[in-house]
Amino acid sequence: MTSRGTPSRFLRSVLQNGVGRYVCQLKRVSIIFSKKAQSSLGVRDFIEEGVTDYARKNPGTVVYVSPQSCRIPKIVAEYLNGNVREEIVTSKTSQQITELLTKLTNQSGLDIIRIRKPFHTDSPSIQGQWHPFTNRPPAIGPIRPQKHQAEQELTE
């Protein structure tokens, strides 16, 4: 697929986040696991060891722990903009789940797509782009390449 076929947008922040104070965009985390399944072993370890530390570090995020009879353990992250992301954590260790939750916490909830330019402004300049000859007076004339000493001696 070419670059024109992939969706893209300008670089922006969610609701001007960071202009005033930073607001974590992750609203709710649901950890769904099985009490007996082997694939949920790492999730159960994380719940025993690290879920309270995560909740203490992120007081603006609600953490739900729901044991269900399911085969596939997963983490469901809900963001302030309404996006929901599900991550399957089958056979992952407690450390890997902590890293995954940190990644989900730091994300904005927007889909990951190609950025058109690394800079963007909502009010572009009407004066045009600056270059070294912007304010040069026209009376000086055009710039020509300088002649070397050897060429000047040949012409004389």
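Rules used throughout
- Residues numbered from 1 in each chain as written.
- Predicted model: local features only at pLDDT ≥ 70, side-chain atom pairs only at ≥ 80, totals over all residues.
- Heavy atoms only, no water.
- Helix = DSSP H or I, 4+ residues; strand = E, 2+ residues; numbered from the N terminus.
- Buried < 20%, exposed > 50% of the residue type's maximum accessible area, 1.4 Å probe, protein only.
- Contact = heavy atoms within 4.5 Å.
- Areas by Shrake-Rupley, 256 points an atom, 1.4 Å probe, with all protein chains shown as cover.
- Pairing = 2+ DSSP bridges.

The subject of this paragraph is the overall build of the protein chain. Helices and strands together make up the secondary structure of the protein chain, namely four helices and six strands. Each helix and strand of the protein chain, placed in order from N terminus to C terminus, yields the pattern β-β-α-α-β-β-β-α-β-α. Sorting the 156 residues of the protein chain into buried and exposed places 24% on the buried side. Long-range pairs, those at least 24 residues apart, make up 70% of the contacts in the protein chain between residues at least 6 apart in sequence. Summed over all atoms, the accessible surface of the protein chain reaches about 12,200 Å², with 53% contributed by carbon and sulfur.

As paired elements, strand S4 (residues 74–79) and strand S5 (residues 84–88) share five bridges and run antiparallel to each other. Bridge assignment links Ala77 to a residue of S5, and that residue is Arg85. Between S4 and S5, which pair antiparallel one after the other, the connecting turn spans four residues, and Gly82 there sits at a positive phi close to 100°.

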